[in-house]
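# Analysis of the macromolecular model
Listed here are the chains, written in short residue letters.
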Amino acid sequence: MAAVHYMALTGQAPDVAKHFASTGGDDDPARAWPALVDLLRSAPLELSAGLRHAPQTNEVGRAAALFGALMSVAGPDPLPVRLFEIGASGGLNLRADRFCYRSADGHRYGPLSPVTLDPAFMTLPTASPGLIHVVERRGADTAPIDPMTADGAARLASFVWPDQRERLQRLRSAILVAAQYPADVETCGGADYVDRIELAEGHLTVLWHSVVLQHLDAAEKVRIAD
């Protein structure tokens, strides 16, 4: 389905795109189905090529949990943060400090941002700190995607269901944020990457992931935990 969505997003499947909300279509699954069947018959090589790309949602909605945890451990006078991520995909959640978080009880944390998670929390974390300053943004992925390219942005969008308008908007807004705040994402396995992370005096060194550990084999999980 991601391969189909990618072709619709990049203009290679116009008949399918007519019925996908993500491409301005009518969002009618009954009409989409015949177009999808025709595409499966007419473009088997293109769709097979799409199967070589493992799903990478890079869902920035998860930043509510990730950054909420960071707020809780940073304390009222936070040290500069060095942020590392395994399974970082396009590295969008490495920009989590540049998102805006709203709580259900009416509070806001973070800058005004194209990405607003509302509500991110029921209430702000009880130990919510002052402004968290991220001084390093680094990550690793076995097949990183560059969201700064048109193809990379389309590839990330292809892994979102085409009817999920809000999720697609979050993704596209996060790509705008990413353009302003660079991050370094290298091609590397999780355990090999964690092996190289060193602490730094006077900084809070943070390693996080977003639904990644469950995809690793037992040996790599043990290495990362160690």
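Our structure's up above, just so we're on the same page.
First things first, this report covers the structure right here in the doc. This structure is a prediction, so every number in the text was calculated from the model and none was measured. (Residues numbered from 1 in each chain as written. Predicted model: local features only at pLDDT ≥ 70, side-chain atom pairs only at ≥ 80, totals over all residues. Heavy atoms only, no water.)

### What to know about the sheet that holds strand β1 (residues 81-86)
So the rule is basically this: By the convention used here, strands pair only if DSSP detects at least 2 bridges between them. Helix and strand definitions here come from DSSP, where helices need a minimum of 4 consecutive H or I residues and strands a minimum of 2 consecutive E residues; each element is numbered from the N-terminal end. Lines fitted to the C-alpha atoms define the axes, with helices restricted to the stretch that makes contact. Angles between their N-to-C directions range from 0 to 180 degrees.
What the four strands build is an open sheet, ordered β6-β5-β1-β7; its pairing is parallel. One side of each edge strand has no neighbouring strand; the edge strands of this open sheet are β6 (184-187) and β7 (204-209). The mean inter-strand angle of the sheet, taken between neighbouring strand axes irrespective of direction, is 20°. Pairing of strand β5 (residues 134-141) with β6 involves four bridges; the strand directions are parallel. Within β6, the position partnered with A140 by the bridge is E186.

### A word on the sheet that holds strand β2 (residues 100-103)
Heads up, the condition is: Should any heavy atoms of two residues lie within 4.5 Å, those residues are considered in contact.
Reading across the sheet, the three strands line up as β3-β2-β4 and stay open at both edges, with mixed pairing between neighbours. With one partner strand each, in any of the chains shown, β3 (108-109) and β4 (116-121) form the two edges of the open sheet. Across the sheet, helix α5 (residues 63-74) lies against β2, β3 and β4, angled at about 65° from β4, the strand it touches most.

### Description of the environment of A54
Within the element layout of this structure, A54 appears in the loop between α4 (44-50) and α5. For the pair A54 and P182, spaced 128 residues apart in sequence, the C-alpha to C-alpha distance is 24 Å.

### Comments concerning the packing of aromatic side chains
The geometry of two aromatic rings is summed up by the distance between their centres and the angle between their planes. Spelled out, the test is: Aromatic pairs are defined between Phe, Tyr and Trp rings, using the six-membered ring for Trp, whenever the two ring centres lie within 6.5 Å; interplanar angles under 30 degrees are classed as stacked, those over 60 as edge-to-face, and all others as tilted. When accessible area is computed with a 1.4 Å probe and restricted to protein chains, residues below 20% of their type maximum are described as buried, those above 50% as exposed, and intermediate ones as partly exposed. A ring is considered to have a charge above it if a Lys NZ or an Arg CZ atom is located within 6 Å of its centre and within 35 degrees of its normal.
Within the structure shown, the criterion is met by four aromatic pairs. Between F67 and Y101, the ring centres sit 5.0 Å apart and the planes meet at 10°, which makes this aromatic pair stacked. Of the two residues, F67 sits in helix α5 while Y101 sits in strand β2, which places them 34 residues apart along the sequence. Judged on exposure class, the residue F67 and its partner Y101 are both buried. Among the aromatic side chains, those forming a connected cluster through ring pairs are F67, Y101, Y109 and F121. Across from the ring centre of Y6, 3.6 Å away, lies the NZ or CZ of R155, which sits over that ring.

### Side note on the nonpolar core
Burial of nonpolar side chains together is a common tendency in soluble globular proteins. This is how the line gets drawn: Take the buried Ala, Val, Leu, Ile, Met, Phe, Trp, Tyr and Cys residues and link them wherever side-chain atoms come within 4.5 Å; each set so joined is a nonpolar core.
Core analysis: the biggest nonpolar cluster contains 36 residues, and F67, L92, F99, Y101, I132 and W208 have the highest contact counts within it. Those elements that provide at least two residues to this core are α5, β1, β4, α6 (150-158), α7 (165-180) and β7. It is α5 that contributes the most residues to this core, seven residues altogether. Each residue touching Y101, except ones within four places of it in the same chain, is listed here: A63, A64, F67, A96, H107, R108, Y109, L117, A120 and F121.

### Considerations on the pairing of β5
As defined by bridge partners, β1 adjoins β5 across six bridges and the pair is classed as parallel. Bridge assignment links L83 to a residue of β5, and that residue is R137.

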